[in-house]
Amino acid sequence: MKNTISIITILAIGAFAGNMLNIGLSYAIHWQSLNPIDFMNSFKVDFPLLLSPTAITLMPAWLGSLWVATKSKNKSASKKYWLYAFIGITLTIIQTSVYHLPMNLDFMALKYDAITASSKLQGWIISHWVRVIIAIASGAYALLGFQKSINQ
């Protein structure tokens, strides 16, 4: 029972990373296949559908990693790894809030002409893969933190 929050957090981070992979390997490829104006119209439908799975996985990943890092023994390897997991998830939240979300809203508002939309989408996708890498690394650190907590 004492490891329940850690296990839920690891599952949530894995689910979040999986959701990010799904977006990169399916939605992003589909969006790139559309002409830019059709993409923005499609994005109006797609983006709201992506919010729930992202929030449902991201919030327990973030809160759980914060909780476990806070509750881990000071100066332990477990605490260090859980802190890295928390920082990684926090970085994805910051990146999403500062870069992706404003652009998402602009796509939905059809703010861009075709050339600008195409260019913005390419930057969005490259930046999205940075989120994927950070999410996967956060999961690896959470697993290491869990492993260290069991071995201590």
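Structure first, text after, so check above.
Figured I'd write up the structure that's included with this text. Not measured: the values here are computed from a predicted model.

Moving on to a nonpolar patch on the surface. Side chains of Leu83, Tyr84, Ile87, Leu91, Ile94, Val98, Tyr99, Tyr141 and Leu144 sit close together on the surface and give an oily, nonpolar patch of about 770 Å² of accessible area. Counting residues per element, the nonpolar patch draws most heavily on helix H3 (residues 77-108), at 7 residues.

For lysine 75, which is not a glycine, the phi torsion comes out positive at approximately 60 degrees. Relative to the elements of secondary structure, lysine 75 occurs in the loop between helix H2 (36-71) and H3. Although it is not a glycine, leucine 110 sits at a positive phi angle of roughly 55 degrees. Note on placement: leucine 110 falls in the loop between H3 and helix H4 (114-151). The exposure class of leucine 110 is partly exposed, given its relative accessible area of 35%.

Scanning the model with the defined rule gives 1 salt bridge in all. Among the ionic pairs, aspartate 106 bridges to lysine 111, the shortest N-O distance being 3.7 Å.

Another aspect to go through is helix H1 (residues 4-33). An α-helical turn contains 3.6 residues, so a residue and the one three or four places further along point in the same direction. With 30 residues, H1 extends 43 Å between its outermost C-alpha atoms, agreeing within 8% with the 44 Å of an ideal straight helix rising 1.5 Å per residue. When the local axis directions of H1 are compared, the greatest deviation, roughly 30 degrees, occurs at isoleucine 23.

It is worth spelling out the environment of glycine 145 at this point. Note on placement: glycine 145 falls in helix H4. For glycine 145, a relative accessible area of 0% gives the class buried. Note: C-alpha distance between glycine 145 and leucine 110 (35 residues apart in sequence) is 44 Å.

Contact geometry of H1 with H3 gives a least axis separation of 12 Å together with a crossing angle of 35 degrees. You can see that H1 and H3 cross each other, and the crossing is left-handed. Here Ser6, Thr9, Ile10, Ile13 and Phe16 of H1 come into contact with H3, specifically with Trp82, Ala85, Ile89 and Thr92. Residues belonging to the contact of H1 with H3 are distributed by class as follows: 6 nonpolar, 3 polar and no charged.

Glancing now at the environment of alanine 137. Secondary-structure assignment places alanine 137 in helix H4. Taking the relative accessible area as the measure of exposure, alanine 137 reaches 31% and is therefore partly exposed. The spatial distance from the C-alpha of alanine 137 to the C-alpha of proline 48 is 26 Å, given a sequence separation of 89 residues.

The N-to-C vectors of H2 and H3 enclose an angle of 160 degrees; their axes lie 10 Å apart at closest approach. In this view, H2 runs roughly antiparallel relative to H3, as classed from their interaxial angle. For the crossing formed where H2 meets H3, the hand is left-handed. Split by residue class, the contact of H2 with H3 holds 20 nonpolar, 5 polar and 2 charged.

Let us now look at the side chain of histidine 100. Within the secondary structure, histidine 100 sits in helix H3. A relative accessible area of 0% means that histidine 100 is categorised as buried. In terms of polar contacts, histidine 100 uses its side chain to reach the side chain of tryptophan 124, at 3.0 Å.

So, how was this worked out
- Per chain, residue numbering runs from 1 following the sequence as it is written.
- This being a predicted model, a pLDDT of at least 70 is required before a residue's local features are given, and a value of 80 or more before pairs of side-chain atoms are given or counted; all residues contribute to the totals for chains, interfaces and linings.
- Note that water and hydrogens are dropped before the side-chain values are worked out from all heavy atoms of the structure.
- Each patch is built from salt-bridge-free residues with over 30% relative accessible area, joining like charges within 9 Å and nonpolar side chains (Val, Leu, Ile, Met, Phe, Trp, Tyr) within 5 Å.
- Only the protein chains shown count as cover for residues, and all accessible areas are computed by the Shrake-Rupley method using a 1.4 Å probe.
- Only one rule defines a salt bridge in this text: a Lys or Arg side-chain nitrogen within 4 Å of an Asp or Glu carboxyl oxygen.
- Helix numbering and strand numbering both begin at the N terminus, where a helix is a DSSP run of H or I of at least 4 residues and a strand a DSSP run of E of at least 2.
- Under the scheme applied here, a residue whose accessible area is under 20% of the maximum for its type counts as buried, over 50% as exposed, and between as partly exposed, the area being computed with a 1.4 Å probe on protein chains only.
- Expected span of a helix, by definition, is 1.5 Å for each gap between consecutive residues, and there is one gap fewer than residues.
- One axis is fitted to the seven residues ending at the residue and one to the seven starting there. The bend at that residue is the angle between these axes.
- Under this scheme, a helix contributes an axis fitted over its contacting stretch, all axes are lines through C-alpha atoms, and angles between N-to-C directions fall in the 0 to 180 degree range.
- Each crossing is labelled by how the near helix is turned from the far one, with a counterclockwise turn of less than a right angle marking it left-handed and a clockwise turn marking it right-handed.
- We call two residues in contact whenever any of their non-hydrogen atoms come within 4.5 Å of each other.
- Throughout, the ten residues Ala, Val, Leu, Ile, Met, Phe, Trp, Tyr, Cys and Pro are labelled nonpolar, Asp, Glu, Lys and Arg are labelled charged, and all others, Gly among them, are labelled polar.
- Roughly parallel means an angle under 35 degrees; roughly antiparallel means over 145; roughly perpendicular covers 65 to 115; every other angle is labelled oblique.
- For this analysis, a polar contact is any N or O atom pair within 3.5 Å, provided that within protein one partner can donate a hydrogen and the other can accept it, and provided that sequence-adjacent residues contribute only side-chain to side-chain pairs.

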